[in-house]
Amino acid sequence: MAECVHLEYRVDGNNFVSAGTATESVKSFLKNMGVDPKDVRRVAIAMYEGEINMVIHANGGYAYADIYVDKCIITLVDTGKGIADIELAMQPGYSTASDEVRALGFGAGMGLPNMKKYADECIIESEVGKGTKVTLVTNFS
Amino acid sequence: MKISQAAQILEGTILCCEEFKDREVISACGSDMMSDVLAYAKDQAVLITGLCNPQVIRTAVMMDMLCIIFVRGKMPTEEMIELAKEREIVLISTPRRMFSACGKLYQAGLVPGGY
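Residues numbered from 1 in each chain as written. Chains lettered and ligands numbered in written order. Predicted model: local features only at pLDDT ≥ 70, side-chain atom pairs only at ≥ 80, totals over all residues. Heavy atoms only, no water.

1. What to know about the overall build of chain B
In terms of regular secondary structure, chain B is built from 5 helices and 5 strands. Seen in sequence order, chain B has helices and strands lined up from the N terminus as α-β-β-α-β-α-β-α-β-α. Relative to the globule expectation of 13 Å for 115 residues, the C-alpha radius of gyration of chain B, 12 Å, shows essentially globular dimensions. Each of the three principal axes of chain B carries a C-alpha extent, and together these read 30 × 30 × 25 Å. Counting the 115 residues in chain B, one finds 52% classified as buried. A fraction of 53% describes how many contacts in chain B between residues 6 or more apart in sequence connect residues 24 or more apart. By element, 53% of the accessible surface of chain B is carried by carbon and sulfur atoms, the whole surface being about 5200 Å². Across chain B, the 12 positively charged side chains and the 14 negatively charged ones have centroids separated by 6 Å. (Helix = DSSP H or I, 4+ residues; strand = E, 2+ residues; numbered from the N terminus. Rg over C-alpha atoms; globule rule 2.2 N^0.38 Å. Buried < 20%, exposed > 50% of the residue type's maximum accessible area, 1.4 Å probe, protein only. Contact = heavy atoms within 4.5 Å. Areas by Shrake-Rupley, 256 points an atom, 1.4 Å probe, with all protein chains shown as cover. Lys, Arg positive; Asp, Glu negative; His and termini not counted. Charge placed at Lys NZ, Arg CZ, Asp CG, Glu CD.)

2. Some thoughts on the interface of chain A and chain B
The accessible area lost on association of the parts is a frequent measure of interface size. On the chain B side, the residues contacting the 26 residues of chain A number 23 residues. Of the roughly 2000 Å² buried at the junction of chain A and chain B (both faces included), carbon and sulfur atoms supply 52%. The interface formed by chain A and chain B contains 5 salt bridges. Residues B:D43 and A:R41 are paired through a salt bridge, measuring 3.0 Å at the closest nitrogen-oxygen approach. One can count 20 residue pairs in polar contact (both at pLDDT 80 or more) joining chain A with chain B. It is helix 2 (residues 37-57) of chain A that contributes the most residues to the side of chain A that touches chain B, 6 residues altogether. Residue composition of the side of chain A that touches chain B, by class: 13 nonpolar, 7 polar and 6 charged. (Buried area = accessible area lost by both parts, 1.4 Å probe. Salt bridge = Lys/Arg side-chain N within 4 Å of Asp/Glu carboxyl O. Polar contact = N/O pair within 3.5 Å; in protein donor to acceptor, adjacent residues only side chain to side chain. Nonpolar A, V, L, I, M, F, W, Y, C, P; charged D, E, K, R; others polar.)

3. What to know about unusual backbone geometry
Residues and elements named next belong to chain B. In the Ramachandran plot, C17 falls in the positive-phi region, its phi being about 60 degrees despite a non-glycine side chain. The exposure class assigned to C17 is buried, which follows from its relative accessible area of 6%. Of note in this structure, D64 is not a glycine but carries a positive phi near 55 degrees. Along the chain, D64 turns up in the loop between helix 3 (54-62) and strand 4 (67-70).

Right, dumping it as structure tokens:
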């Protein structure tokens, strides 16, 4: 299937207020494209969790959206501290977030499980000290 | 029920987007953890929360919610109100606590929409 659109965003790691703007932009784009609202929401939730993670754990990074006729691929790339044990990080409730982050309503250890739950494919590649790349594929119904 | 009725039941104040107060809402979810809202909410139109920061508005946007009710008298900042206005989300503040606010709305007919 031919590629339709490629969108790119810089996610500011020092700005908790603006966290989510990249996701909102992709969400509106998909909505305007006429993608099924259920699929739009699945993309939005998974990407938003990823975007929040980049802000609270990795000092920001880049978010890319490749939107095809039948699917959307979100790629989140950061140069943060990386994830030592991805399997452990995927467990619901496991979190390394600070109390400050928890006070903001995140850090409940649901970020990665949520991404896995809502995206059709969730690929996490990470190297400690170098960074993390998350790929989220959502097929449109 | 209408959003305005929910505000009335909770003796709450509508803080913005009053023009949308007649929108009908059927279900709600109550949580202070936004990740839990993202994990468990389905089609709930109302978010009842004691958390008060801009990511509450963003979470509601992601979930296509129409109204956020802040309990325990929490007041959103101007910045949050602006975010909500741009996205047509009605913000309400009530002095009631979480349990009592949820109970009152449940009693008046709002459904959980989940387990």
